[in-house]
Amino acid sequence: MDRELHIRFLRDMLRARRMEERFAQEYTRGNIGGFLHLYPGEEAVAVGVLHAAEPGDYIVSTYREHVHALVRGMSMRAIAAELFGKRDGCSRGMGGSMHLFDAAHRFLGGYAIVGETYPVAIGAAYAVMMRGLPEAVICFFGDGAVNQGNFHESLNMAALWKLPVLFVCENNHYQIGTEIHRHSAVTEVYKRACAYNIPAERVTGMDAEQVHTHTLDALKRVRAGLGPALLEFETYRYRGHSMSDPGSYRPQPELKAWEADDPIAAELRDLPMHYPDADTLKAAGIDTTEDIGHRAIENGHLDTHGLEKLEAEIRAEIEDAIAFALASPEPTLDEAKGYLTAGLIHETLI
Ligand SMILES: Cc1ncc(C[n+]2csc(CCOP(=O)(O)OP(=O)(O)O)c2C)c(N)n1
Ligand SMILES: [Mg+2]
């Protein structure tokens, strides 16, 4: 993989992790209300998938969507202001954490209802097909969303009409506190796609490069008009389901094992900013081969100075976004009322 892509993966995963760490802080300060579902541990999925997408593609996401929106290109300012419920948020402060939306980046939203993403994706894909454009729709969903009836209805329609949809399952093995084997008779999500003749595979979601490669392949098929594809990425969220969930139902050894597989490398994040060379890292017992951050360093793609610079840039971007969100005005009640209807209600009713 080329150097530039390596650095973009690392940069976006670090931006995502740091941004959400900061959102967690702001939540405890009371600046963010409602639910807040964070994504640490799953970054390689968003990064690998979305760097394989073209600007003309459409993205449909869940309530755990901050990182999808960020990697897709939405400004951190617009995301932060939306979470703060402010007027300069991407949804004018009316949606909050679960309802990020950005038409310019074809980001068709976060959706709070489990399984809500499928019909939205199918509709968008139908429109793409009718226009005969080489665009694809990427539909994210969790492992807990595959027992919704509309999962099957949507896969059937997508296959029948050869719709250009890539279904992306983020299998983090839990639906809130319920582990997948307690809610699904078939725990390998990709196997369900064969019922609709949809090609599908299961891939690790802890390695952005692998996620990227498999997504590129799947999108090739989708863009060629051959119909939908499904990818299941196995991943893990390091925090609880949302800010109100300590996640204590998970065995510590399980958490530790997945943390050791951190796509950005906890070591990279937590070590002091001055990094020793690869040999010293190895002598300190730090696995430098499996994660993209260290791989980048080992390959000489990113030296110590480069990493410091990257971290500093990310810190500055986050501080700017938080200051922007704090300074943005609250929406007024009249503005809120204005979004309840399209303004045509009287004409329509009379
Ligand atoms: C139709 C519906 N039922 C229940 C809920 C409550 N709920 C919110 S998130 C969630 C778990 C979904 O788990 P999963 O799809 O695996 O996504 P993850 O949170 O793990 O990313 C549930 C049951 C909901 N939002 N919508
Ligand atoms: Mg899940």
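Data block above holds the structure.
Residues numbered from 1 in each chain as written. Chains lettered and ligands numbered in written order. Predicted model: local features only at pLDDT ≥ 70, side-chain atom pairs only at ≥ 80, totals over all residues.

Student: I'd like a rundown of the nonpolar core, residues and numbers included.
Tutor: Formed by 83 residues in total, the largest nonpolar core has its most connected members in I79, V137, I138, C139, V165, L166 and V168. Top contributing element to this core by residue count: helix α1 (residues 3–28), with eight residues. Excluding residues within four positions of it along the chain, V137 makes contact with D57, Y58, V60, A121, A124, A125, V128, P164 and V165. (Core = buried A, V, L, I, M, F, W, Y, C linked by C-beta atoms within 7 Å. Buried ≥ 20, exposed ≤ 12 C-beta atoms within 10 Å, placed from the backbone. Helix = DSSP H or I, 4+ residues; strand = E, 2+ residues; numbered from the N terminus. Contact = placed C-beta atoms within 7 Å.)

Student: Give me the lowdown on the packing of helix α5 (residues 117–131) against helix α6 (residues 149–160), citing residues and values where you can.
Tutor: In helix packing, the relevant descriptors are the interaxial angle and the interaxial distance, both defined with respect to the helix axes. Running from amino to carboxyl end, α5 crosses α6 at an angle of 15°, the nearest separation of the two axes being 9 Å. When the interaxial angle is binned, α5 and α6 end up roughly parallel. Once α5 is placed against α6, the crossing between them reads as left-handed. Side by side, α5 and α6 meet where Y118, P119, I122 and A125 of the first sit next to N150, F151, S154, M157 and A158 of the second. (Axes fitted to C-alpha atoms, helices over the stretch in contact; angles between N-to-C directions. Parallel < 35°, antiparallel > 145°, perpendicular 65-115°, else oblique. Left-handed = near helix turned anticlockwise from the far one by under 90°.)

Student: Describe the packing of helix α2 (residues 43–50) against helix α8 (residues 208–223), and please don't skip the residues or the numbers.
Tutor: Taken N-terminus to C-terminus, the directions of α2 and α8 make an angle of 40°; their axes are 7 Å apart at the nearest point. As far as their axial angle goes, α8 and α2 are oblique. The way α2 lies across α8 gives a crossing that is right-handed. Residues A44, V45, V47, G48 and V49 of α2 touch α8, and the partners they reach there are A208, V211, H212 and T215. Across the contact of α2 with α8, the residue classes tally to six nonpolar, three polar and no charged. (Nonpolar A, V, L, I, M, F, W, Y, C, P; charged D, E, K, R; others polar.)

Student: Please give an account of the sheet that holds strand β3 (residues 165–171) that cites residues and values.
Tutor: One open sheet holds the five strands; their spatial order is β1-β2-β3-β7-β6, and the pairing between them is parallel. Two strands close off the open sheet at either side, each with one partner strand: β1 (58–60) and β6 (200–204). If you compare each strand with its neighbour and ignore which way they point, the axes differ by 20° on average. As judged from the six bridges shared by strand β2 (residues 137–142) and β3, these two strands associate in the parallel manner. In the sheet register, C139 faces β3, and the bridge partner there is F167. Of the strands in this sheet, β1, β2 and β3 touch α5, which is tilted by about 170° from β2. (Pairing = 2+ DSSP bridges.)

Student: Account for the pairing of β3, with residues named and values stated.
Tutor: β3 sits mainly inside the fold: seven of its seven residues count as buried. Residues V165, F167, C169 and N171 of β3 are buried on one face, and the alternating residues L166, V168 and E170, pointing to the opposite face, are buried as well. After leaving β2, the chain enters α6 and then returns to the sheet as β3, a path that is right-handed. Where β3 and strand β7 (residues 229–234) come together, six bridges link them in parallel fashion. Residue F167 lies in a different strand from β7, and its bridge partner there is L230. (Right-handed = clockwise from strand over helix to strand, strands pointing away.)

Student: Could you give an account of the site of ligand 1, naming the residues involved and the relevant values?
Tutor: Looking at ligand 1, there are 15 residues lining it, with V114, G142, G144, A145 and Q175 nearest. Residues that form the shell around ligand 1 fall into these classes: six nonpolar, six polar and three charged. (Near = placed C-beta within 6 Å.)

Student: Now, about the environment of M129: what can you tell me, with residues and values included?
Tutor: Its place among the elements puts M129 in helix α5. Residues M129 and K162 lie 33 residues apart in sequence; the distance between their C-alpha atoms is 8.6 Å. Those residues in contact with M129 that sit more than four places away from it in its chain are W161, L163 and P164.

Student: An account of α8 is needed here, citing residue identities and associated values.
Tutor: Here α8 spans 22 Å end to end across 16 residues, near enough to the 22 Å set by a 1.5 Å rise per residue. Here α8 has its buried residues at A208, V211, H212, H214, T215, A218, L219 and V222. Positive backbone phi, at 80°, marks G225, one or two positions downstream of α8. (Expected span 1.5 Å × (residues − 1).)

Student: Hey, could you go over the environment of T117 for me, with residue numbers and the actual values?
Tutor: By secondary structure assignment, the location of T117 is in helix α5. Counting along the chain gives 33 residues from T117 to N150, while the straight-line C-alpha distance between them is 9.5 Å.

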